[in-house]
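Structural description and commentary
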Amino acid sequence: MTTDDLHERLRHLHAPLPAGLIARAQLAATAQVPPPIPPSHRRRILEGLLAAALAAAIALPLYLTHSGGGTASTSGGELVFLTSTLPGSITSATPPSTKCSSRFETTSVGGSMSRSFAMDYACGSTPKLVGDLIVALTAADPNGPGAGLEVLDLGSGTERELPLEGIDGGIIPSPDPTQVAVPIILAPTEIPALDIVDLVTGSVVRLQPRVGATPLNVGESAPAWLSDGIHSVQRCVNSQSTCDYLVSPATGTVRTLLQVGSGPAGSSSYVQVFDSGSPDGTQEARYYFSDNSDFVQTVSAGPTDGTLRTVYRAPAGDTPEPLGVANDGSVLFQVISTEPNGPPAYLTYVASRGGVYPVNVPAGLAFSAPTASSPALPGGGFALEMSPDTAGGAGEEQVVRISDTGSVTMIQPSAGIGLFGITD
């Protein structure tokens, strides 16, 4: 796979990676201003119905969490692959709703066991792996017939629907994981709120987070639910700075963890921040990005709700991007390095044990598009996909294990469209 091929595959990624991931990669090469915080997810959900269903399904986000949240937990770690997608209309409500059908395959990390599952969900939705559940939207219209969550249990193979109206953002898994947080818009006031949905019982707790008197729209950010609460990094309320807001999933109260960056009203020069966490939510990594050439782009890491220390400072012109955090605090990240008059290069590192280790890519292989915001494996290390590094791209894609010191070992061949997630 050539660098251009890799860059093209990166273009198809979707949040949970930070908003503007690919745009920043492109802008880094031309020293332009980074993109603004993304618009409301409500428009993305409604527009998804009109988008090409196949493209929407392939551009699945890859949130990865661990432990069993379903009715029958799978034993040991399993790799979950998206093997096929069939766009089309399936009459499952009155009036009919347009749905996509996808098939998933699970294999043990050692490759000794394989199972297959099919799932129907709203085209344009973005399924998430939550423990051993796959969760997606049931209808493209958040206020239409059948609106809610579709839940596929990989332990039992059963599929069920949980009714929920006004969905206005992505599905945010809890670190246990038995719950998801879902940003919504309250009708008819159009005020943003947050629903905490119990995936076992189906019960819903409605929260209305506020910063002072201003409702906080969690759906505007790419949130992460860690052990200390729900992190929502976005442009500050009533400010041009960037804030990391911490929302209590029990009460909805909001605390400002971080406020960084400055600039006059209307300025596009500000510092962007992205938080990611380990599967159990106890470890955190924070990335700082800026269009200001004097601002050093860094990666910080440490225990959640503690003092994070800087583990990597990017050379001038380079941009670090998050890949994942392990339960032991190891951080996997990619650095987009630009050279004058040349395409960007993608370098991968692991920060652990007080050091930063380059990932040793085997000869003849190259990493495919990063497949997860937290691709941590049970027991330590990370899993990513690799492709033959040839002009024709011939050969079999492989899933590899990356250790906390950067060594790479093969796990098994990749299946279907690609790696979707990891269960524990």
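Residues numbered from 1 in each chain as written. Predicted model: local features only at pLDDT ≥ 70, side-chain atom pairs only at ≥ 80, totals over all residues. Heavy atoms only, no water.

1. Considering the state of the cysteines
Our working definition: Cysteine sulfur atoms that pair up within 2.5 Å are treated as a disulfide. Partly exposed describes any residue whose relative accessible area lies between the buried limit of under 20% and the exposed limit of over 50%, with all areas from a 1.4 Å probe on protein chains only and scaled to the type maximum.
Overall, the coordinates contain two disulfides when judged by the stated rule. At a sulfur-sulfur separation of 2.0 Å, the disulfide partner of Cys-236 is Cys-243. Between Cys-236 and Cys-243, the S-S dihedral sits near 100°, and the bridge is therefore right-handed. Note on accessibility: Cys-236 and Cys-243 belong to one class, buried.

2. A word on the nonpolar core
Applicable threshold: For this analysis, a nonpolar core means a set of buried residues of the types Ala, Val, Leu, Ile, Met, Phe, Trp, Tyr and Cys, connected via side-chain atoms within 4.5 Å. Contacts are assigned to residue pairs with any non-hydrogen atoms lying within 4.5 Å of each other.
Counting 18 residues, the largest nonpolar core has Val-135, Leu-149, Val-180, Val-182, Val-197 and Leu-199 as the members making the most contacts within it. Residues contacting Val-135, with those up to four places away along its chain left out, are Met-119, Thr-126, Pro-127, Lys-128, Val-130, Leu-149, Glu-150, Val-151, Ile-171 and Leu-199. Membership of the second largest hydrophobic core comes to 16 residues, among which are Ala-222, Ala-285, Val-311 and Ala-314.

3. Details of the environment of Ala-122
Rules: Secondary structure elements follow DSSP: runs of H or I of four or more residues count as helices, runs of E of two or more count as strands, with numbering from the N terminus.
Positionally, Ala-122 belongs in strand β3 (residues 114–122). Separated by 25 residues in sequence, Ala-122 and Ala-147 place their C-alpha atoms 9.4 Å apart.

4. A look at unusual backbone geometry
Note that the residue after Asp-176, namely Pro-177, is joined by a cis bond; omega there is -5°. In this structure, Pro-188 follows Ala-187 across a cis peptide bond, with omega equal to 0°. By secondary structure assignment, the location of Pro-188 is in the loop between β9 (179–186) and β10 (191–198). The residue Glu-190 is not glycine, and still its phi comes out positive at about 65°. Considering the arrangement of structural elements, one finds Glu-190 in the loop between β9 and β10. Phi is positive for Asn-238, close to 60°, though the residue is something other than glycine.

5. Re the pairing of strand β6 (residues 148–153)
Defined as follows: The rule for pairing is simple: two strands pair if DSSP sees at least two bridges between them.
Burial runs high along β6: six of the six residues are buried. Pairing geometry for strand β5 (residues 133–137) and β6, over five bridges, is antiparallel. Bridging across to β6, Ala-136 finds its partner in Glu-150. As judged from the five bridges shared by β6 and strand β7 (residues 159–163), these two strands associate in the antiparallel manner. Bridged to Val-151 within β7 is Arg-160. Here β6 hands over to β7 after five residues, with Gly-157 in that stretch at a positive phi of 80°.

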